[in-house]
Structure formats: structure tokens, C-alpha cells
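Close look at the chain arrangement
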Amino acid sequence: QVQLVESGGGLVQAGGSLRLSCAASGTFFSIKVMAWYRQAPGNQREMVATIIGSDTPIYADSVKGRFTISRDTAKNTVFLQMDLLKFEDTAIYYCNAVIQPRFSWPQNNYWGQGTQVTVSV
């Protein structure tokens, strides 16, 4: 059973920083993609940052230059460093991973439970 466990959310003032972590646990063959999504009240879930392999990041335009996604492949962990936070970054942040459970098996999509990030003005 694969699980994604997030940590690092909280309350921060505008202009501050937070660092989110997400660790994948369980038994699996490989992790193809790891990403962070967020969902604010009344909004759809949106992609924030994605990392393919360990060194190919993709960012939403709204966070470019402020957020950095990175990955520790040895620890099956993905990080999201969030700097210069804005009020509009307030949301529940979800970790996402595309994981191949076993060699030659199809890939599955997994989600963490979410962690709240609140930015105060």
C-alpha cells in the first residue's frame, strides 16, 4: 500500500516562507513524477509545481520565481520551498505522485491527505 504523507503547512505572514515535505512510503517499483497541487475554497484543484525525475521542474505561472520544487530520490521525498508568500497562496496543498507499483505494471496516481497553508496579510 502506497502512502503519501505531507508536512510543513501552517500560518505565515505575507512575504514569509514555508517549506512543505511529502514522503512516499510502502512498496513500489519506481516513482515517475511528483507534484504539488492546491485547492482554495470555492476553487478547483490546480497544479502548483511538478518535478519529472529529479531535475525537470514545471511551475504554474502564479508561483514562478517564488516557489521551488525539489526531490530526494533516495528518500522518496518531494519538497516545496515557498518564498514571498501572498495571501492568494492560501489553500490546502496536496502532494501527488505517479508511481509504478511493480515492474511492467501500469502506473497509478496517488494523493496525500493535504496540508493547510494560510497566508495572512
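Just above sits the structure.
So, here is what we can say about the structure in this document. (Residues numbered from 1 in each chain as written. Predicted model: local features only at pLDDT ≥ 70, side-chain atom pairs only at ≥ 80, totals over all residues. Heavy atoms only, no water.)

Counting its secondary structure elements, the protein chain contains 0 helices and 11 strands. Listed N to C, the secondary structure of the protein chain is β-β-β-β-β-β-β-β-β-β-β in terms of helices and strands. Taking 2.2 N^0.38 as the reference for a compact globule, 121 residues should give roughly 14 Å; the C-alpha atoms of the protein chain span a radius of gyration of 14 Å, in line with that estimate. Per-residue burial for the protein chain yields a buried fraction of 45% across its 121 residues. Considering only contacts within the protein chain whose residues lie at least 6 apart along the sequence, 55% involve residues at least 24 apart. (Helix = DSSP H or I, 4+ residues; strand = E, 2+ residues; numbered from the N terminus. Rg over C-alpha atoms; globule rule 2.2 N^0.38 Å. Buried < 20%, exposed > 50% of the residue type's maximum accessible area, 1.4 Å probe, protein only. Contact = heavy atoms within 4.5 Å.)

Taken as a whole and judged by the stated rule, the model has 1 disulfide. Linked covalently through their sulfurs, C22 and C95 form a disulfide whose S-S length is 2.1 Å. On the S-S bond that ties C22 to C95, the torsion sits near -80 degrees, and the link is left-handed. One end of the pair, C22, is in strand 3 (residues 18-25); the other, C95, is in strand 9 (residues 91-100), with 73 residues separating them in the sequence. (Disulfide = S-S within 2.5 Å.)

Let's shift gears to the environment of N43. Residue placement: N43 occurs in the loop between strand 4 (30-39) and strand 5 (46-52). With 22 residues separating them along the chain, N43 and S21 place their C-alpha atoms 23 Å apart.

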